[in-house]
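Read off the chains here:
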Amino acid sequence: MPVKIATWNVNSLKVRLPQVLDWLATEEPDVLALQETKLTDDNFPELDIQAAGYHAVYSGQKTYNGVAILSRQPADAVLRDVPDFDDPQRRFLAATVAGMRVINLYVVNGQAVDSDKYAYKLAWLKAVGEHLANLCRSSMPLVVLGDFNIAPKDEDVHDPAAWRDRILCSKAERSALAKFTGLGLTDTFRLFPQAEKSFSWWDYRAAAFRRNLGLRIDLILANPSLAAQCTACVIDTGPRKLERPSDHAPVVAEFELWERNGP
DNA sequence: ATGGTGGCGCGGCCA
């Protein structure tokens, strides 16, 4: 039976809640990882999410950041902090859903390569990578998804020359992401033929979406046991076309899960 | 054009 796992940076769940509820009703994902909810936990719209038929776990803060995992099946073993990394910013949320470990990341943006925020980004990625290295010792199905704020390769950038060595594209950021994939975590989008200039984020400014001046920075990574069962990964640009959209589009991966004994 | 737009929250930060 197919399983749909999705990620969406909503840039304020308060503003985007109607779009999220519509999207859940239409797409019926089994898991939806949200980033930039920008809500404290006491303001999380739990009742609306429950009414839509989803469980929710979340780790929020005011104004910035905030992550959540919505799921058809209940989530347990919830982890809200990057292990061994002191971080007041709510960017990490892990939970187990129906036997699958789900790691939802809102990776630090980094602002500029010479900034303190960039150093924080690299330190954050290193700490997350160490946690993933531990998880990858297990054969349990593992999906690592979210807003990575890194375009993996030049093919994920509308104008690679203009973006070279800038944040989201710098060598150190791509190297940090390569450490994730080096653990055996596969970028599921690239398991399949895709249109050229496929992006998941477009700046609000300069009519970037209309001109398709974007980057692919929202990713769904899967460990070997799960990647072997991946049947599709697509970017849904539909919500980006709506009135008052997020600057990110949802990304959806499908898996044809077979029984533990094999296909 | 070193800008542009959007969210939060009401001045300025962040993306």
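See the structure shown above.
Residues numbered from 1 in each chain as written. Chains lettered and ligands numbered in written order. Predicted model: local features only at pLDDT ≥ 70, side-chain atom pairs only at ≥ 80, totals over all residues. Heavy atoms only, no water.

(A) Region of the structure containing the protein's contact with DNA strand B. The immediate surroundings of DNA strand B are formed by 15 residues, with S12, R16, T63, N109 and R205 found nearest. Sugar and phosphate atoms form 69% of the subset of DNA strand B atoms that lie within 4 Å of the protein. The contact in question runs from a phosphate oxygen of DNA strand B to an N or O atom on the side chain of S12, over 2.5 Å. Interatomic distance of 3.4 Å between a side-chain N/O atom of R244 and a phosphate oxygen of DNA strand B. Residues belonging to the surface near DNA strand B are distributed by class as follows: four nonpolar, four polar and seven charged. (Near = heavy atom within 4 Å. Polar contact = N/O pair within 3.5 Å; in protein donor to acceptor, adjacent residues only side chain to side chain. Nonpolar A, V, L, I, M, F, W, Y, C, P; charged D, E, K, R; others polar.)

(B) The arrangement of the packing of helix α3 (residues 116–135) against helix α5 (residues 171–182) in detail. Two elements in contact, α3 and α5, have axes whose closest approach is 9 Å; the angle formed by their N-to-C orientations is 10°. Taken together, the axes of α3 and α5 are roughly parallel relative to one another. Counting all contacts with α3, which are made through Y118, K121, L122, L125, V128, G129 and L132, the residues of α5 involved are A172, E173, A176 and F180. (Axes fitted to C-alpha atoms, helices over the stretch in contact; angles between N-to-C directions. Helix = DSSP H or I, 4+ residues; strand = E, 2+ residues; numbered from the N terminus. Parallel < 35°, antiparallel > 145°, perpendicular 65-115°, else oblique. Contact = heavy atoms within 4.5 Å.)

(C) Spotlight on the pattern of salt bridges. One pass over the structure, following the stated rule, counts 13 salt bridges. A salt bridge links R216 to D156, with the nearest nitrogen and oxygen atoms 2.8 Å apart. Residue R216 is found in the loop between β11 (214–215) and β12 (218–222), and its partner D156 is found in the loop between β8 (142–147) and α4 (160–163); the two are separated by 60 residues along the sequence. There is no split in this pair, since R216 and D156 are both buried. (Salt bridge = Lys/Arg side-chain N within 4 Å of Asp/Glu carboxyl O. Buried < 20%, exposed > 50% of the residue type's maximum accessible area, 1.4 Å probe, protein only.)

(D) Molecular detail of the sheet that holds strand β3 (residues 55–59). If you trace the six strands from one edge of the open sheet to the other, you get β3-β4-β2-β1-β14-β13, paired in mixed fashion. The sheet terminates laterally at β3 and β13 (230–235), the two strands that pair on one side only. Strand-to-strand twist of the sheet, defined as the mean angle between neighbouring strand axes without regard to direction, takes the value 10°. Docked against the sheet, helix α1 (residues 13–27) engages β1 (2–9), β2 (31–35), β4 (67–71) and β14 (251–256), running at close to 165° with respect to β1. (Pairing = 2+ DSSP bridges.)

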